[in-house]
Amino acid sequence: MADESYPQDLRYSKEHDWVRVDGEDAVFGITWFAQDALGEIVYADLPDVGAAVTAESPYGELESVKAVTDVFAPLTGEVVEVNDALQDEPQRVNDDCYGEGWIIRIRMTAPGQLSELLDADAYKAFLDEA
Amino acid sequence: MSTVKVLPELRAGGGAQMALDAGLLLTADAVIARRYVWTPPALSLGKFQQYDPVPGVPFEVVRRPTGGRAVLHGEGFEWSFAVAFPPGALGAGPRAGIDVTTPYDIVAGAFAGALRDLGVTLDEGRAEPYQRSALCFAGALRQDILARGEKLVAIAQAKHEGRTLVHGSVLERRPPDELAQVAETLLGEPWRGEGLAGAGHALAPEAVWSRVLASLEISLRALAAD
């Protein structure tokens, strides 16, 4: 597992998801903090390409050795790509949460929602509130 | 006043038992605990566990709302429990929503304490690969509750929209051969696990459960006082 980090080029939600903007698209994953809290991921139940996702609503589930938990969409849009590699290697979410452990790519339909997400420093400050 | 709302023991089939636990995960508005008995016997599978249905299986096969591996349930060799936590019951703050350690530790700690109180010497934990077996009681993680190498309590968890369900199973003894052999055929692995009997104990479920409930009360009051 990589060391704790929160890259500056990403945006973050309070449900511990990250967003990487790529033109009209946005890539989602879960943060280092989230994967560490969940423990070893053993299964990823993900939406199909073409599915609609809604900000702050669950779009999939992750099973770890500790629990089955929802994964929340930080933005609204349509799924255009799913990280199929997670079907065989779900632990990529632990090993490289900001890289090969990405989860889905969406085409944003409400890009204005980006302004509601946190930057890396604000997310770290949010974590420190506990 | 009790923090934990305790439901009466329910003796019912697998579909009803899992429907009730799934309902608790969706609607619990207080900490709710229940002990239950699967009658007739049934096999429960983890929510995403792979399974190829086979005709003629002499017991019900149901999905749990939680993860993990297969558990054979039935009166006389096993009993089950569930604890549901509503939003906010396990603390507040940015980490609470994704905290899967606290609910697990509260419930597992309650069972460990109850078993020790009743004279069971528990093993130190061990760490083994998660998917070593398709049968839950045949594999153990570091935090599982074991005695003399026998896994005594299986615990699984799900979180949904702020609620947490922790449920599980206490293996009293090896299931009857006619059930264990079908499970072996379905899952392609030999049955392993003798539970409490394998560790040299025969404990009344009510004695264990009453101690678990008492421990839950103490833990939740301490959490609320923090």
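Residues numbered from 1 in each chain as written. Chains lettered and ligands numbered in written order. Predicted model: local features only at pLDDT ≥ 70, side-chain atom pairs only at ≥ 80, totals over all residues.

Quick word on the sheet that holds strand S8 (residues 77–82) of chain A
All names here are of chain A.
At step 1: Across the sheet, which stays open at both edges, the 6 strands sit in the order S1-S2-S3-S9-S8-S5 with antiparallel pairing between neighbours. Sheet topology places strand S1 (11–12) and strand S5 (52–53) at the edges, where each strand pairs with a single neighbour.
At step 2: Pairing analysis gives 6 bridges linking strand S2 (residues 17–22) to strand S3 (residues 25–30), with the strands arranged antiparallel. Following the sheet pairing, Val19 is matched in S3 by Phe28. (Pairing = 2+ DSSP bridges. Helix = DSSP H or I, 4+ residues; strand = E, 2+ residues; numbered from the N terminus.)

Some thoughts on the confidence of the model for chain B
At step 1: Of the residues in chain B, 95% reach a pLDDT of 70 or more, and the chain-wide mean stands at 91.
At step 2: For this predicted complex, the interface score ipTM comes out at 0.90, alongside a pTM of 0.93. (pLDDT = per-residue confidence, 0-100.)

What to know about unusual backbone geometry
Apart from glycine, the bulk of residues carry a negative phi angle, and the bulk of peptide bonds sit in the trans form.
At step 1: Note the cis peptide between Thr39 of chain B and Pro40 of chain B, where omega equals 5°.
At step 2: By the secondary structure assignment, Pro40 of chain B is in the loop between strand S3 (31–38) and strand S4 (42–45).
At step 3: Here the phi dihedral of Glu56 of chain A falls at roughly 70°; this positive angle occurs in a residue that is not glycine.
At step 4: Here Glu56 of chain A shows up in the loop between S5 and strand S6 (58–64).
At step 5: For Glu56 of chain A, a count of 15 C-beta atoms within 10 Å puts it in the partly exposed group.
At step 6: Positive phi, normally seen in glycine, also occurs at Arg148 of chain B, with a value near 50°.
At step 7: Its location among the elements puts Arg148 of chain B in the loop between strand S8 (145–147) and strand S9 (150–160). (Buried ≥ 20, exposed ≤ 12 C-beta atoms within 10 Å, placed from the backbone.)

Section: the sheet that holds strand S5 (residues 60–63) of chain B
Within a sheet, neighbouring strands are paired by backbone hydrogen bonds and run either parallel or antiparallel to one another.
Residue and element names in this part refer to chain B.
At step 1: The strand order across the open sheet built from 3 strands is S5-S4-S6, with neighbouring strands paired in mixed fashion. Because the sheet does not close on itself, it has two edges, and the strands there are S5 and strand S6 (71–73). Adjacent strand axes in the sheet meet at a mean angle of 25° when their direction is disregarded.
At step 2: Pairing of S4 with S6 involves 3 bridges; the strand directions are antiparallel. Directly across from Leu43, in S6, lies its bridge partner Leu72. (Axes fitted to C-alpha atoms, helices over the stretch in contact; angles between N-to-C directions.)

Points about the interface of chain A and chain B
At step 1: Counting residues at the interface gives 21 residues for chain A and 19 residues for chain B.
At step 2: Put simply, the parts of the chain that give the side of chain A that touches chain B at least two residues each are helix H1 (32–38), strand S4 (41–45), strand S7 (68–72) and helix H4 (120–127) of chain A.
At step 3: Looking at the side of chain A that touches chain B, its residues break down into 11 nonpolar, 2 polar and 8 charged.
At step 4: Where S7 of chain A lies against S9 of chain B, 2 bridges are found, and the strand directions are parallel. Bridged to Val68 of chain A within S9 of chain B is Ala158 of chain B. (Contact = placed C-beta atoms within 7 Å. Nonpolar A, V, L, I, M, F, W, Y, C, P; charged D, E, K, R; others polar.)

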